[in-house]
Amino acid sequence: MALSLPVYLDNHSTTRVDPRVVETMLPYFNENFGNAASKHHEFGWRADAAVGHARAAVARLIGADSGEIFFTSGATESINLALKGVAEGLGSSGDQIITAATEHEAVLDSCRTLERAGFTITVLPVDAAGRVDPDDVKRSMTPRTILVTIMMANNEIGTITSMAEIGAHCREAGVLFHSDATQAVGKVPVSVADANLDLMSFSAHKMYGPKGVGALFVRSTHPKIRITSQMDGGGHERGLRSGTLNVPGIAGFGMAAELARQEMAGESIRLASLRDVLEEGIVSQLGDVTVNGDRKSRLPHNANMTFPGVKADRLIIGMKDIAVSTGSACSSAAQEPSHVLRAIGRTGEEVLSSVRFGLGRFTTAEEIQFTINRVVQTVQTVRARTLQPAHLST
Ligand SMILES: *Cc1c(COP(=O)(O)O)cnc(C)c1O
């Protein structure tokens, strides 16, 4: 089979929508185009039924109840709602929020906004694998702590942090616990109960669903969570998030969740073995390559590698037929060197020599073989050029 180029290995930025998800969405653009809030006719009822069906599928994937799922426009909105909504809801009882250095910009920037509003933000360091020490979380809590927010899986290095112990500390202290689980949901098993989570944000487009739709899980009992809506209007989503529901997007999210639940086990084995082939193929031929992130507890489709002496942007420009990235798409837009790689102890130079590969459901063994060859070739070419005296270079 001919390889179709460029090879897409940027699945942490976004994923292709699964064709079965597209199929599920189409009727809600066409014959079933109704507004899910229209209570008086068949069009509205059909849309509402689709939303209910999707809500149940999304809830099932994370071990929640349907009533604990609130649809949003994506993880960024869910995170803003969780952090600012809790800060506003609980602002009278405390003012400290605890988070970690490797969080996504949606978390870090929301925290900066809350800091300007008078909240105290504690940013915890991580170890060399990118993991927060649960004891650090416990030690950082004060009677003024209202919320802890720690990501489940990192979007650059793939490190998975176990939530249960951190969640237990939070529960003991009566502090709410939120996680940005955008990279974990649909890729590795997630149970909000086992993780002791009160709030969790995630997104459809990172798990083969459409862009522009996400969810916030809000635990419904023990504790009862006070969270203030950030969008005023018609009172949709039980008053937490006003605005006409994105019915086709939500129907697609539901199908994506159902597919992930059924196919995750097999898919993660396939992707982890392709990822290992990629890493071993590159490391065995180039030698001095470092693999970033935790070697054991890591997303199965993540490979983040440092190529000493090679600037990542030159490497990426040199292999236009492979779509990869230097870090998160968000920070690439801002041209900032990765705060995640800095936080795990990489030097400034190492950060600028690192590339993130993100495999996905549609990645093939042929594509991985092609990528190994292209990366090795390009690194060798870039190094040869760099080593040449300036007057000899063409
Ligand atoms: C992609 C991503 C987000 C943002 O999700 P959107 O749905 O694009 O807003 C937040 N956190 C992590 C870890 C991500 O990977």
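As the structure is a computational prediction, the values presented were derived from the model and not from experiment.

Draft legend 1. Here's a closer look at the sheet that holds strand β8 (residues 214-218). What the seven strands build is an open sheet, ordered β2-β8-β7-β6-β5-β3-β4; its pairing is mixed. Edge positions in the sheet fall to β2 (69-72) and β4 (120-124), since each has one partner strand and no second. Between one strand and the next, the sheet's axes are offset by a mean angle of 20°, whatever the strand orientation. Of the pairings in the sheet, the one linking strand β5 (residues 145-149) to strand β6 (residues 176-180) comprises three bridges and is parallel in character. Following the sheet pairing, Val-148 is matched in β6 by Phe-177. Sitting on the sheet, helix α3 (residues 75-90) touches β2, β5, β6, β7 (199-203) and β8, and the angle it makes with β7 is about 160°. In the packing of helix α4 (residues 105-116) onto the sheet, contacts are made with β3 (96-100), β4, β5 and β6, and the angle to β3 comes to roughly 155°.

Draft legend 2. Spatial organisation of the packing of helix α2 (residues 42-62) against helix α7 (residues 247-286). Relative orientation of the contacting elements α2 and α7 amounts to 30°, with a least axis distance of 8 Å. Two packed elements cross with a definite hand, and for α2 against α7 that hand is left-handed. Along the contact surface, α2 presents Ala-47, Val-51, Ala-54, Ala-57, Val-58, Arg-60 and Leu-61, while α7 presents Val-247, Ile-250, Ala-251, Phe-253, Gly-254, Ala-257, Glu-258, Ala-260, Arg-261 and Met-264. Taken together, the residues of the contact of α2 with α7 sort by class into 13 nonpolar, one polar and three charged.

Draft legend 3. Geometry of unusual backbone geometry. A cis amide bond links Leu-5 with the next residue in sequence, Pro-6, at an omega value of -5°. Note that Pro-6 resides in the segment before β1 (7-8). Even without being a glycine, Asn-196 presents a positive backbone phi close to 55°. Locating Asn-196 in the fold gives a position in the loop between β6 and β7. With a phi angle near 50°, Glu-237 is a residue other than glycine that sits in the positive phi range. One can find Glu-237 in the loop between β8 and α7. Overall, Glu-237 belongs to the buried group, its relative accessible area being 5%.

Reading the values: rules and limits
- Residues numbered from 1 in each chain as written.
- Predicted model: local features only at pLDDT ≥ 70, side-chain atom pairs only at ≥ 80, totals over all residues.
- Heavy atoms only, no water.
- Pairing = 2+ DSSP bridges.
- Helix = DSSP H or I, 4+ residues; strand = E, 2+ residues; numbered from the N terminus.
- Axes fitted to C-alpha atoms, helices over the stretch in contact; angles between N-to-C directions.
- Contact = heavy atoms within 4.5 Å.
- Left-handed = near helix turned anticlockwise from the far one by under 90°.
- Nonpolar A, V, L, I, M, F, W, Y, C, P; charged D, E, K, R; others polar.
- Buried < 20%, exposed > 50% of the residue type's maximum accessible area, 1.4 Å probe, protein only.

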